[in-house]
Amino acid sequence: MIEITAEVRAAIDRAAGDMELAGDEYIEPADGLIHCKKCHGSRQTVVPRFGGSGYFMPRCLCPCQQKAQEERKAMEEQRERMERVKRRKAQGLQDIYLYDYTFANDNGQNPVMEKAHAYVEHWKEAYRDNAGLLLFGDVGTGKSFFAGCIANALLDRDVLVLMTNFPSILNRLTGVFAEDRAAFIASLDDYSLLVIDDLGVERSTEYAMEQMFTVIDSRYRSKKPLIVTTNLKLEEIKNPPDIAHARIYARILERCAPILFSGKNFREEGARATKAAAKEIVSKG
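Residues numbered from 1 in each chain as written. Predicted model: local features only at pLDDT ≥ 70, side-chain atom pairs only at ≥ 80, totals over all residues. Heavy atoms only, no water.

Trainee: Sorry, what's going on with the overall build of the chain here?
Mentor: For the chain, the helix and strand inventory stands at 11 helices and nine strands. The buried share of the chain, reckoned over its 285 residues, is 39%. A separation threshold of at least 6 residues defines the contact pool for the chain, and within that pool the share at least 24 residues apart is 69%. Accessible surface for the chain amounts to roughly 16700 Å². Of this, 53% is attributable to carbon and sulfur atoms. (Helix = DSSP H or I, 4+ residues; strand = E, 2+ residues; numbered from the N terminus. Buried < 20%, exposed > 50% of the residue type's maximum accessible area, 1.4 Å probe, protein only. Contact = heavy atoms within 4.5 Å. Areas by Shrake-Rupley, 256 points an atom, 1.4 Å probe, with all protein chains shown as cover.)

If you want it as structure tokens, here you go:
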């Protein structure tokens with residue numbers, strides 16, 4: 001705001017008769033300008049007329065109006081972010097049960113879950129360094145849950161994540177033209193994190209192995225992190241049965257730190273609890 005000289009004050013006083021005030025406004029006698037009754041801040045300023053004489057007296061936002069505007073903007077940005085996360089989850093978590101794979105649903109019985117928390121907390125470094133994970137161990141030991149917790153946590157942070165498996169990928173690639181296959185595989189590299197669940201359950205046909213290598217190799221070249229879960233033993237991965245498997249496993253081992261999952265079978269434990277609950281329900285009939 002410019003200095004309120006006698007000339008400026010005269011111009012303000014001449015314009016005062018044309019001012020329309022809102023219910024929460026008043027004219028401040030000290031400067032003749034519109035002020036806010038709530039914060040007493042100015043809602044009007046004085047600007048010299050460019051290239052001529054006289055002054056403009058445009059409206060401006062008082063401090064409480066500025067705060068309200070910032071709060072509205074923050075709420076709108078939060079709403080847009082939540083909608084974006086919702087869309088990305090629908091896209092990135094292709095099986096509905098994966099929505100329940102969250103840290104909030106962790107029973108605290110698997111000590112390696114600390115590593116999942118650490119991966120999320122240090123995601124920026126993991127992304128920068130292209131640091132992936134190879135989760136291996138027996139069936140039902142929590143590998144998919146571990147990966148799903150990471151996926152959900154990062155999606156909640158507005159990170160692009162896709163959690164899928166090779167049977168689903170191969171289904172998408174079957175029966176499409178070569179250029180469409182290439183476009184689909186390239187689209188997988190758009191995700192900041194790609195999670196491939198249950199490596200090794202797919203059929204090892206020549207076509208399947210070639211497509212699997214293309215996907216893994218493309219991810220390798222994208223220099224973006226990859227998480228793989230598998231029921232295979234680490235020894236099997238390090239000593240593959242043939243060249244086709246060796247090409248795939250070599251890429252994974254180069255970029256993914258192995259984590260062993262051992263101990264109790266959480267899947268069997270959960271199944272027993274579900275059966276017990278079902279028995280209790282039907283016994284009441």
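Here the narrative resumes, following the displayed structure.
Trainee: Before we go on, may I ask you to explain helix 8 (residues 206-222) in this structure?
Mentor: In an α-helix, one turn spans 3.6 residues; hence positions three or four apart end up facing the same way. Between its first and last C-alpha, helix 8 extends 24 Å over 17 residues, near the 24 Å set by a 1.5 Å rise per residue. Those residues of helix 8 that are buried lie in contact with helix 6 (166-173), helix 7 (178-188), strand 7 (193-199), strand 8 (226-230) and helix 10 (243-255). Trailing helix 8 by a residue or two, Lys223 shows a phi angle of about 60 degrees, which is positive. (Expected span 1.5 Å × (residues − 1).)

Trainee: Just checking my understanding: could you explain the packing of helix 7 against helix 8 for this structure?
Mentor: Packed helices, taken two at a time, are described by the angle their axes make and the gap between the axes. At a closest axis distance of 9 Å, the pairing of helix 7 and helix 8 adopts a crossing angle of 45 degrees. By the angle between their directions, the pair helix 7 and helix 8 is classed as oblique. Crossing of helix 7 against helix 8: the hand is right-handed. Contacts from Arg181, Ile185 and Leu188 of helix 7 reach helix 8 at Tyr207, Gln211, Thr214, Val215, Ser218 and Arg219. Counted by class, the contact of helix 7 with helix 8 contains four nonpolar, three polar and two charged residues. (Axes fitted to C-alpha atoms, helices over the stretch in contact; angles between N-to-C directions. Parallel < 35°, antiparallel > 145°, perpendicular 65-115°, else oblique. Left-handed = near helix turned anticlockwise from the far one by under 90°. Nonpolar A, V, L, I, M, F, W, Y, C, P; charged D, E, K, R; others polar.)

Trainee: Got a minute to help me understand unusual backbone geometry in this structure?
Mentor: Trans peptide bonds make up the majority, and among non-glycine residues the majority have a negative phi. At Asp198, a residue that is not glycine, the phi angle is positive and equals roughly 60 degrees. Within the secondary structure, Asp198 sits in strand 7. A positive phi angle is found at Lys223, which is not glycine, with a value near 60 degrees. Here Lys223 lies in the loop between helix 8 and strand 8. Residue classification places Lys223 among the exposed positions, given a relative accessible area of 59%.

Trainee: How should the packing of aromatic side chains be read in this particular structure?
Mentor: Counted by the stated rule, this structure contains five aromatic pairs. On the numbers, 5.3 Å between centres and 90 degrees between planes, the contact of Phe146 with Phe261 is edge-to-face. Note that Phe146 is positioned in helix 5 (residues 143-156) and Phe261 in strand 9 (residues 256-261), a separation of 115 residues in sequence. Here Arg251 stacks its cationic end above the ring of Tyr220, 4.6 Å away from the centre of that ring. Over the ring of Tyr220 we find Arg255; its NZ or CZ atom is 3.9 Å from the centre of that ring. (Phe/Tyr/Trp six-rings, centres within 6.5 Å; stacked < 30°, edge-to-face > 60°. Lys NZ or Arg CZ within 6 Å of the ring centre and 35° of its normal.)

Trainee: What is the right way to look at helix 7 in this model?
Mentor: Turning to helix 7, its buried residues are Phe184, Ile185 and Leu188. Seen along its axis, helix 7 keeps its buried residues to an arc of 95 degrees; they face one direction. Considering only its buried residues, helix 7 is in contact with strand 6 (161-165), helix 6 and helix 8. (Arc of directions from axis to C-beta.)

Trainee: Just checking my understanding: could you explain the nonpolar core for this structure?
Mentor: Among soluble globular proteins, nonpolar side chains are generally buried collectively. Of all hydrophobic cores here, the largest spans 28 residues; its most connected members are Phe146, Ile150, Leu193 and Ile227. Broken down by secondary-structure element, the contributors of at least two residues to this core are helix 3 (113-121), helix 4 (123-129), strand 5 (132-137), helix 5, strand 6, strand 7 and strand 9. No other element matches helix 5, which puts nine residues into this core. The residues touching Ile227, leaving out its near neighbours within four places in the chain, are Tyr119, Leu133, Leu135, Ala147, Ile150, Leu193, Leu194, Val195 and Ile196. (Core = buried A, V, L, I, M, F, W, Y, C linked by side-chain atoms within 4.5 Å.)

Trainee: I would appreciate a short explanation of the pattern of salt bridges in the present structure.
Mentor: Opposite charge on two side chains allows them to pair when their charged atoms are near. This model, assessed by the stated rule, comprises 12 salt bridges. For the salt bridge of Arg43 with Asp24, the shortest nitrogen-to-oxygen distance reads 3.0 Å. Here Arg43 is found in the loop between strand 2 (34-36) and strand 3 (47-48), whereas its partner Asp24 is found in the loop between helix 1 (6-16) and strand 1 (25-27), with 19 residues between them in sequence. Overall, the relative accessible area of 4% leaves Arg43 in the buried class. A salt bridge links Arg43 to Glu25; its shortest N-O distance comes to 3.2 Å. Of this pair, Arg43 sits in the loop between strand 2 and strand 3 while Glu25 sits in strand 1, and the two are 18 residues apart along the sequence. Each member of the pair Arg43 and Glu25 is classed as buried. One connected set of salt bridges, linked through shared partners, spans Asp24, Glu25, Arg43 and Arg59. (Salt bridge = Lys/Arg side-chain N within 4 Å of Asp/Glu carboxyl O.)

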